[in-house]
Amino acid sequence: MADRVTVIGWDGSPLTTAARSALSAATLVAGAAHHLALPEVPPGAERVRLGSVDLAGRRIAGHRGTAVVLADGDPGFFGVVRTLRAPEHGLEVEVVPAVSSVAAAFARAGMPWEDARIVVAHQRTLRRAVNVCRAHPKVAVLTSPGAGPAELALLLEGVHRTFVVCEELGTDREQVSVLTSDKAADHNWRDPNVVLVIGGTGGAPVTPWLSGQDPAARAVRGWALPEQEYDPEGYDSAPRDRARTGEGEDPSLRAAQLARLGPRTGDLVWDIGCAGGAFSVEAARFGAAVIAVDTDPDACARTERAARRYGVSLQTVPGRAPHVLENLPEPDVVRIASGGVPVVTACTDRRPERIVAHASTRDEAEAIGAALAAGGYSVESLLLQTVGLDPDDWSERERSVVFLLSGRRTDAPQA
């Protein structure tokens with residue numbers, strides 16, 4: 001095992017005294033090609049090209065001498081330190097940090113970034129990174145070959161964002177480009193690069209106190225809020241306007257649906273039959289990306305107003321399911337408020353992890369449950385009854401009875 005392992009971050013600035021001292025004593029140096037070409041690398045040191053960090057870790061673990069690993073930016077932030085410290089390598093490391101590429105990118109853009117989400121995009125995680133960009137107004141994406149600005153732009157089709165693409169930060173080839181997301185797919189971008197994805201709905205300015213969070217979207221306390229909280233101008237409290245809000249908009253049903261779907265950051269939620277937007281907004285408040293679908297353009301407009309009211313980003317798509325679903329990106333979880341069995345079948349064909357639907361009659365519930373089971377989902381069926389009471393005299397104010405159907409894909413990974 002190496003006698004000493006030092007990880008040095010490099011941001012294009014001259015190496016610090018500590019970094020030069022560690023390099024001068026190194027008998028093995030690992031890094032990218034531009035790191036190994038630095039004049040401070042000892043001529044007699046063994047040089048390891050840093051392609052796979054796991055392979056380099058094994059080489060370092062078997063080396064007798066002093067090893068140095070050079071990495072771009074801060075190596076402790078989505079960097080090599082995590083891999084080198086993994087139990088299979090058994091390496092204890094000293095770290096000489098540098099400015100992270102994310103900090104450098106936001107500095108070039110002249111923007112604060114304590115409220116930014118930061119994601120890593122590989123080919124296997126690209127879709128989830130895109131969903132974060134859909135859901136949040138400020139995201140830094142650490143890209144990789146095959147999961148760069150062009151690929152991000154293609155998967156964001158239909159969602160307007162501004163891209164700040166920072167190529168080869170800290171080198172003499174550094175370039176910063178600002179363009180709209182629909183133009184980014186037309187360029188060839190140099191690696192490495194960082195993309196700042198900016199845009200979407202923003203709430204009233206709130207001083208951040210927690211890194212990576214948008215305080216405006218979480219200013220309200222609680223979930224399954226009453227319907228009038230989402231459309232206060234158009235809500236008719238007595239009687240309830242079912243033609244406007246939809247049959248299954250009871251807050252207790254919404255809470256049960258959210259509990260079974262479990263929307264989270266990185267997910268894409270389809271809300272089919274969004275009505276007043278209550279479910280869409282609450283799913284977005286969990287950090288998920290949301291596409292809200294409804295045949296009624298007014299329902300889409302109400303959903304967009306509710307999203308602005310609560311400071312969350314979502315996309316509305318007017319049209320009739322199941323046909324309008326064909327060109328939508330793949331969902332992780334789906335809530336079906338209208339459309340019945342044909343829509344359920346269309347959704348099971350897209351293989352989301354979880355689906356919820358509801359029915360007002362037992363026959364309809366049995367048909368939906370059978371469609372979920374035929375599509376390869378384990379089915380839970382519940383009859384939910386809620387009774388609103390007047391707190392003054394405890395008289396019944398409102399009653400809701402509905403069947404809740406939820407399906408979990410049988411081959412989905414358990415999480």
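So, a few notes on the structure that sits alongside this text.

Reading the values: rules and limits
Residues numbered from 1 in each chain as written. Predicted model: local features only at pLDDT ≥ 70, side-chain atom pairs only at ≥ 80, totals over all residues. Heavy atoms only, no water. Helix = DSSP H or I, 4+ residues; strand = E, 2+ residues; numbered from the N terminus. Buried < 20%, exposed > 50% of the residue type's maximum accessible area, 1.4 Å probe, protein only. Core = buried A, V, L, I, M, F, W, Y, C linked by side-chain atoms within 4.5 Å. Contact = heavy atoms within 4.5 Å. Pairing = 2+ DSSP bridges. Disulfide = S-S within 2.5 Å. Salt bridge = Lys/Arg side-chain N within 4 Å of Asp/Glu carboxyl O.

A few points about the environment of tryptophan 394
For tryptophan 394, the position within the fold is in the loop between strand 16 (377-389) and strand 17 (396-409). Assessed through its relative accessible area of 63%, tryptophan 394 is described here as exposed. Between the C-alpha atom of tryptophan 394 and that of threonine 171, which follows or precedes it by 223 residues, the distance is 72 Å.

Describing the nonpolar core
By size, the foremost hydrophobic cluster in this structure holds 27 residues, and its most contacted members are Trp270, Ile272, Leu325, Ile336 and Cys347. Every element with two or more residues in this core is listed here: strand 11 (268-272), strand 12 (289-294), strand 14 (333-336), helix 13 (340-349), strand 15 (354-359), helix 14 (362-374) and strand 17. For this core, the leading source of residues is helix 14, giving four residues. Each residue touching leucine 325, except ones within four places of it in the same chain, is listed here: Trp270, Ile272, Val293, Val343, Ala346, Cys347 and Arg350. Counting 23 residues, the second largest nonpolar core, distinct from the first, contains Val269, Phe279, Tyr310 and Val356.

What to know about the pairing of strand 7 (residues 138-142)
The element strand 7 is largely enclosed, with a buried count of five among its five residues. Side chains of strand 7 alternate between two faces, with Lys138, Ala140 and Leu142 and Val139 and Val141 buried alike. Here four bridges tie strand 6 (residues 117-120) to strand 7, and the two strands are oriented parallel to one another. Opposite isoleucine 118, over in strand 7, you have alanine 140 as the bridge partner.

Some remarks on the state of the cysteines
Tallied over the full model, the rule gives zero disulfides. As a non-bridged cysteine, cysteine 166 has cysteine 133 as the owner of its nearest cysteine sulfur, 14 Å distant. Since its relative accessible area comes to 1%, cysteine 166 is described here as buried. With no disulfide of its own, cysteine 347 lies 14 Å from the sulfur of cysteine 274, the closest cysteine sulfur.

Things to note about the pattern of salt bridges
Counted according to the given criterion, the structure contains 19 salt bridges. For glutamate 92, the salt bridge is made with arginine 85, and the minimal N-O distance between the two is 3.3 Å. Taking relative accessible area as the criterion, glutamate 92 reaches 60% and is therefore assigned exposed. For arginine 108, the salt bridge goes to glutamate 174, with nearest N and O atoms at 2.7 Å. Residue arginine 108 is located in helix 5 (residues 101-109), and its partner glutamate 174 is located in the loop between strand 8 (162-167) and strand 9 (175-180); the two are separated by 66 residues in the primary sequence. With relative accessibility at 29%, the residue glutamate 174 sits in the partly exposed group. Counted as one network, the salt bridges with shared partners bring together Arg127, Arg128, Arg264, Asp267 and Asp332.

As for helix 6 (residues 126-135)
Within helix 6, eight of the ten residues are buried, which leaves it mostly tucked inside the rest of the structure. The complete set of buried residues in helix 6 reads Leu126, Ala129, Val130, Asn131, Val132, Cys133, Arg134 and Ala135.

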